[in-house]
Amino acid sequence: MKKEYDPIHSKTIRLLRWFCPSQLLEEIEGDLIQKFNRDLKSPHTSRWPAEYKLRRAKRRLLWNVIRYCRPEIILRNKLSIQLINTIMLRSYLTIALRNVIKNKVFSAINVFGLAIGLAACLLIFQFVSFELSFDNFNEKLDRTYRVTNDRFQNGQLIQHGTIMYPTIGPTMAKDFAEIEEYTRLMPGGDLNVKINDKNFRGDNCHFADERFFSVFDFKLLAGDRSSLLKEPYTTVLTENTAARYFPVKDKNYSSLIGKTFLWGLDTRPYTVKGICENIPDNSHIRFDALISYSTLIRPDNQDADLSWTWSDMRHYLVLKPGTDYKKLESKFPAFSERYFKGDKVSGSVEKFYLQPLKNAHLYSDYEYDIATTASGKAVWAMLVVAAFILVIAWINYINLTTSRALDRAKEVGLRKVMGAFKRQLVNQFIFESLLITALAFVVAFVLVISLQSTFNQIVGTNLSLNTILTSLSSTKILIVILVLFVGAFASGFYPAFVLSSYQPVTVLKGKFTRSGKGNFLRKSLVVFQFTSSAALITGTFIVSKQIDFMNKADLGINIGNVIIVQSPQLMPWDSTFIERVESFKNTLAQVPGVISATTSGNIPGERLGRSFNIRLSDQAADAHFTISNMSVDYSFFDAYHVQILAGRNFLPTDHNPDFQKLDKVIINRNAVQLLGVKNVEEAIGKEIVWGRNGTRKWTIVGVVDDFHQEALQKPMEPMIFRPMYSTYAPTSVKIKSDDEQKTVADIETVYKKFFPGNSFEYSYLEQRYNNQYNDDTRFGKVVSIFTILAIIVSCLGLIGLSSYTAAQRTKEIGIRKVLGASLVNIVSILSIDFVRLVLIAAISSLPIAYFSMQNWLQSYAYHISPGLAQFVLPLAIVLLIAIVTISFQIVKTALTNPADTLKYE
Amino acid sequence: MAKEYLGEFEELILTLVAGLQEEAYGAAISEEIETRLKRDVNLSAVHVTLYRLEDKGLIKSALGGGTNERGGRRKRIYSITSAGIATLRAIKEVRIDLWKMVPQLKMS
């Protein structure tokens, strides 16, 4: 027979006990059981079999219990729990505060260590979440793609870019039903605006078609979204640009609709049709103004719409919901074959790909990219580092807390004797941990707020905790809070259990010594921390040396003391243009502070355009090579000190106002190599054919040495130079280094004299060139910050370990001293262990540092080879820091009077 | 009149507490309601009302003895306070006053 059912021990009653307030429990339980028993004997069921009766009674019991789940009952619960806990909490708080105050230095180290970790974490988290938030203001973000384009010539990748032909968008939209919408964009460069008599220069604009505002969700302040950018010569300005161009009262932007301005030499005015909000910081596209794409398409020249060879356009596609973009991408090879017929149309084999818009900021390595990009890998690495710092900070905290166990052991013993449960002690210690963590949080927030602007400066962003927190989704915030809370709790847990598990008998007898348990953990942690510190120090050295190398490298071209004067925006091309520029140059050269002046289509540091179809006239007609081209005037190579290896420099007679009559070129050494000519001398006199099926021949009159047109990450490319002037070519003015201000003022006077009505804009070439290293400099700064952090955190770990061992060995030291050991003796005995640990750490950091730095240096076409000093110096530094850190604790221990430590023996 | 009004169920329970005297505890009250008023009532409703009346100061309670039938759990015996009595009486008087307004109907 089955055991008789006992309601008291049933699951149903246990359920009741779980939620029912204890002061009501007995009564309710009793009443329920009584009811259950009476249900069993209910007259309604007197004829039922016993089994049914029991089942009915059980069912009713369960129902009754469930009915007690009502606020009137459950709320009585909470009140009682709070009542009990506030009493205990107060006691915990007092004890915790007393402990904090008793060990001021120790608590400060503890709180501060944790706070630094948390602050670093918060700052990094801010940065990372900003970087990850790019373009997410676009509603169709997950369906929007950038079309990218790789070009191959002779089987080799010659261009990896986002630029392509204007026909791509419309043709794809026609051929593929998956495409819901496309937009076409071409960077328009500087917008030189004239309104009445005022000039505005330097605003960046794009030509964009009428679908732009439907693909991207830039907010409009005025204008009708659906009709923007449709007609030629219409424009949309950002808020800031509009406010600079036109007087705006009370942000009434609608009043600006219909206003007009002139651009450069255009006689037809542009009409403002819309004003959009300033571009959000987290947009990959940036612009000050948009001009309608249809402006480019003229009745007599529809290349901007129909060309299969003009490649300046960027395309964005919006796919229909549910489309697999990889599937669409797989149809592109056939598309390319259909329209480009191998390399028959554009001179190169065209491959097209789709890049999800959400990857545009972090995962782009394209040439001619208009996106603001950052390294996705670096962002994720930062996040890992942040997590790392936090974990290490917490482990340090655990170490420091448990290393103080001896101080608290007696307290624990006494509490236990007085009748404290283990659980109460655990509660107490966890509470203390939470208190310390809370303090650390406060300090961390103060740190974050005070370091915010410095951090922004270094990272080059405009972040604040506030904007990040408000922009984050609530789930993300929840995750962060959860992680922090779990971490705080977990780090409080271990010490709490260690401390509360002491046996009162051993502790109070005075026989308590620490076990070596956890010592290995502690030591390996210190080794680990110092390994990363040493590796980071090595990294800092190498990064700064590489940056230094790049800043001081011999570029093959002398860019020092060069001022770039922007070309006059309001000077049309005519047959006298060259003469005017020449006399401007000559007048400049007569200014006392000026050494020489030259004009060129591009200045050093700029990415050059490429020509895809260049061959020598004695090569087969289907041969083609890709060479970057640059137009220069005859004084360029002299002004920039570029060495001529063979042949001659350009002569003034090589120039001609009629483009068709030009027939001389100079190439660089790499181009000689690419074209397959044996040596530089042999190249002189050879003829170059330019363009597909081209018949026009250019004679090579000279070969110049390679120079770094772009930053040292990039290899030096084959280059070809043509003797050309142009209306947009800036003037490079080489000046003497003394009294620059006066020289600049003189240059301006000359400029104003020659080009009245144009605005004078200048910049220092070296600064512009070095701007290419902004990312690297920033990386260097970030690495040094992490280095400092790592050192601080490691030192905290070491303090924990040294105070732990020192406490453990007090008696040993006492005995040694009694037996006559000297101070030096004891200090060296105590420190040798740590020195050994740090040494192990430093040495094991070597291979890590070596390989990771090699890896990093590989990303530069030209880089340093790290010497021995970069690896040995960090060892010395780490050792020194470690010794200084532990010396306090050790000397203190060594100086203790043995009488104090041994008197109880 | 008391400041606080009593609901119908509250009044019922209060009256039963007064009437059952030594036997006024949760289960007994609910049984009494079931047998006398033929009205189905849940134990939890009775308890909640009892607690509410106690909060209002109309009844007070003390733990009594346990029985086997209750698995040894003690009963909580409720008794009416003088405030409770006053409230009950006030209610009754108001009812009688009101009843007097009703024209006497002939009972067939």
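Residues numbered from 1 in each chain as written. Chains lettered and ligands numbered in written order. Predicted model: local features only at pLDDT ≥ 70, side-chain atom pairs only at ≥ 80, totals over all residues.

Overview of the overall build of chain A
Counting its secondary structure elements, chain A contains 29 helices and 22 strands. In chain A, buried positions account for 37% of the 905 residues. Within chain A, contacts between residues at least 6 apart in sequence are counted, and of these 81% link residues at least 24 apart. (Helix = DSSP H or I, 4+ residues; strand = E, 2+ residues; numbered from the N terminus. Buried ≥ 20, exposed ≤ 12 C-beta atoms within 10 Å, placed from the backbone. Contact = placed C-beta atoms within 7 Å.)

Some words on the overall build of chain B
Secondary structure assignment for chain B yields 4 helices and 2 strands. Walking chain B from its N terminus toward its C terminus, one meets helices and strands in the order α-α-α-β-β-α. The buried share among the 108 residues of chain B stands at 28%. A fraction of 49% describes how many contacts in chain B between residues 6 or more apart in sequence connect residues 24 or more apart.

Points about the environment of glycine 601 of chain A
Residues and elements named next belong to chain A. Mapping glycine 601 onto the fold places it in the loop between strand E13 (594-599) and strand E14 (609-616). Look at glycine 601 and you get buried, because 21 C-beta atoms sit within 10 Å. Remark: the alpha-carbon pair of glycine 601 and aspartate 633, spanning 32 residues in sequence, is separated by 8.9 Å. If near-sequence neighbours (up to four positions away) are discounted, glycine 601 is found in contact with Met630, Ser631, Met724, Ser726 and Ala729.

Overview of the interface of chain B and chain A
Contacts between the two partners involve 17 residues from chain B, matched on the other side by 19 residues from chain A. At the level of secondary structure, the elements contributing two or more residues to the side of chain B that touches chain A comprise helix H2 (26-37), helix H3 (43-56) and strand E2 (74-80) of chain B. In the side of chain B that touches chain A, the residues fall into 5 nonpolar, 6 polar and 6 charged. (Nonpolar A, V, L, I, M, F, W, Y, C, P; charged D, E, K, R; others polar.)

Here's the deal with helix H26 (residues 810-818) of chain A
Residue and element names in this part refer to chain A. Along H26, the positions that sit buried rather than exposed are Ile813, Gly814 and Lys817. Taken around the axis of H26, the buried residues stretch over an arc of 105°, which confines them to a single face. Elements in contact with the buried residues of H26: helix H27 (823-858), helix H28 (868-895) and helix H29 (898-902). Two residues or fewer after H26 comes glycine 820, characterised by a positive phi angle close to 105°. (Arc of directions from axis to C-beta.)

As for unusual backbone geometry
Unlike most non-glycine residues, lysine 341 of chain A shows phi in positive territory, near 45°. Relative to the helices and strands, lysine 341 of chain A is located in the loop between helix H11 (332-340) and strand E11 (349-356). The class of lysine 341 of chain A is exposed, set by 11 C-beta atoms lying within 10 Å. At lysine 38 of chain B, a position not held by glycine, the phi torsion is positive, near 50°. Structurally, lysine 38 of chain B can be placed in the loop between H2 and H3.

Concerning the confidence of the model for chain B
When pLDDT is averaged across chain B, the result is 86; 93% of the residues are at 70 or more. Here the prediction assigns the complex a pTM of 0.69, and the interface score ipTM is 0.86. (pLDDT = per-residue confidence, 0-100.)

Side note on the sheet that holds E13 of chain A
Residue and element names in this part refer to chain A. Ordered by their spatial adjacency, 4 strands build an open sheet running E13-E21-E12-E22, and the pairing between neighbours is antiparallel. In the strand order of this sheet, the two ends are held by E13 and strand E22 (762-764), each with one partner. Here the strands of the sheet are splayed against their neighbours by 25° on average, with no regard to which way each runs. Where E13 meets strand E21 (residues 731-735), 5 bridges bridge the pair, whose relative direction is antiparallel. Bridge pairing in E21 links serine 596 to lysine 734. Contacting E13 and E21, helix H19 (residues 577-590) runs over the sheet at an angle of about 165° to E13. (Pairing = 2+ DSSP bridges. Axes fitted to C-alpha atoms, helices over the stretch in contact; angles between N-to-C directions.)

Quick look at the pairing of strand E6 (residues 234-238) of chain A
Residues and elements named next belong to chain A. Summarising burial for E6: 5 of the 5 residues are buried, a large majority. Burial along E6 is two-sided: the residues Thr234, Val236 and Thr238 and Thr235 and Leu237 are all buried. Summarising the sheet, E6 and strand E8 (residues 270-276) pair through 5 bridges and their orientation is parallel. Bridging from a neighbouring strand, threonine 234 pairs with threonine 271 of E8.

Side note on the environment of isoleucine 257 of chain A
Residues and elements named next belong to chain A. Among the secondary structure elements, isoleucine 257 is positioned in the loop between helix H8 (239-245) and strand E7 (260-263). The exposure class assigned to isoleucine 257 is partly exposed, which follows from the 14 C-beta atoms found within 10 Å. Taking C-alpha positions, isoleucine 257 is 7.0 Å from glycine 223, a pair spaced 34 residues apart along the chain. Discounting chain neighbours no more than four positions away, the residues touching isoleucine 257 are Ala222, Gly223, Val272 and Lys273.

Notes on the pairing of E7 of chain A
All names here are of chain A. Every second residue of E7 is oriented toward a common face, the buried set being Phe261 and Trp263 and the non-buried set Thr260 and Leu262. Inspection of the sheet shows strand E3 (residues 179-195) paired to E7 by 2 bridges, in the antiparallel sense. Paired with lysine 194 across the bridge in E7 is leucine 262. As paired strands, E7 and E8 are joined by 2 bridges and run antiparallel to one another. Residue pairing for E8: phenylalanine 261 is matched across the bridge by tyrosine 270. Joining the antiparallel neighbours E7 and E8 is a turn of 6 residues, in which glycine 264 adopts a positive phi near 55°.

A closer look at the packing of helix H25 (residues 774-808) of chain A against H28 of chain A
All names here are of chain A. H28 packs onto H25 with a crossing angle of 25° between their chain directions and a minimal axis gap of 9 Å. Taken together, H25 and H28 sit at an angle that is classed as roughly parallel. Between H25 and H28 the crossing geometry is right-handed. Every residue of H28 that contacts H25 at Ile791, Cys795, Leu798, Ile799, Ser802, Ser803 and Ala806 is listed here: Ile881, Ala882, Thr885, Ile886, Gln889, Ile890 and Thr893. In terms of residue class, the contact of H25 with H28 is made up of 9 nonpolar, 5 polar and no charged. (Parallel < 35°, antiparallel > 145°, perpendicular 65-115°, else oblique. Left-handed = near helix turned anticlockwise from the far one by under 90°.)

Here we look at the environment of glutamate 34 of chain B
By the element assignment, glutamate 34 of chain B lies in helix H2. For glutamate 34 of chain B, a count of 12 C-beta atoms within 10 Å corresponds to the exposed category.

Here we look at the nonpolar core
Residues and elements named next belong to chain A. Membership of the largest hydrophobic core comes to 70 residues, with the highest contact counts inside it found for Leu118, Ala119, Ala120, Cys121, Ile124, Ile389 and Phe530. Among the secondary structure elements, those contributing two or more residues to this core are helix H5 (104-132), helix H12 (376-403), helix H14 (422-459), helix H18 (519-552), H25, H27 and H28. Looking at which element gives the most residues to this core, the answer is H5, with 15 residues. With sequence-adjacent residues up to four places away left out, phenylalanine 530 is seen in contact with Ser794, Val838, Ala841, Ala842, Val878 and Ala882. One finds Val632, Tyr640, Ala683 and Tyr769 within the second-largest nonpolar core, a separate group that totals 54 residues. (Core = buried A, V, L, I, M, F, W, Y, C linked by C-beta atoms within 7 Å.)

Digging into the packing of H5 of chain A against H12 of chain A
All names here are of chain A. The interhelical angle for the contact between H5 and H12, taken along N-to-C directions, is 165°, at an axis separation of 9 Å. Between H5 and H12, the angle falls in the class roughly antiparallel. Note that H5 runs across H12; the crossing there is left-handed. By residue class, the composition of the contact of H5 with H12 is 21 nonpolar, 4 polar and 1 charged.

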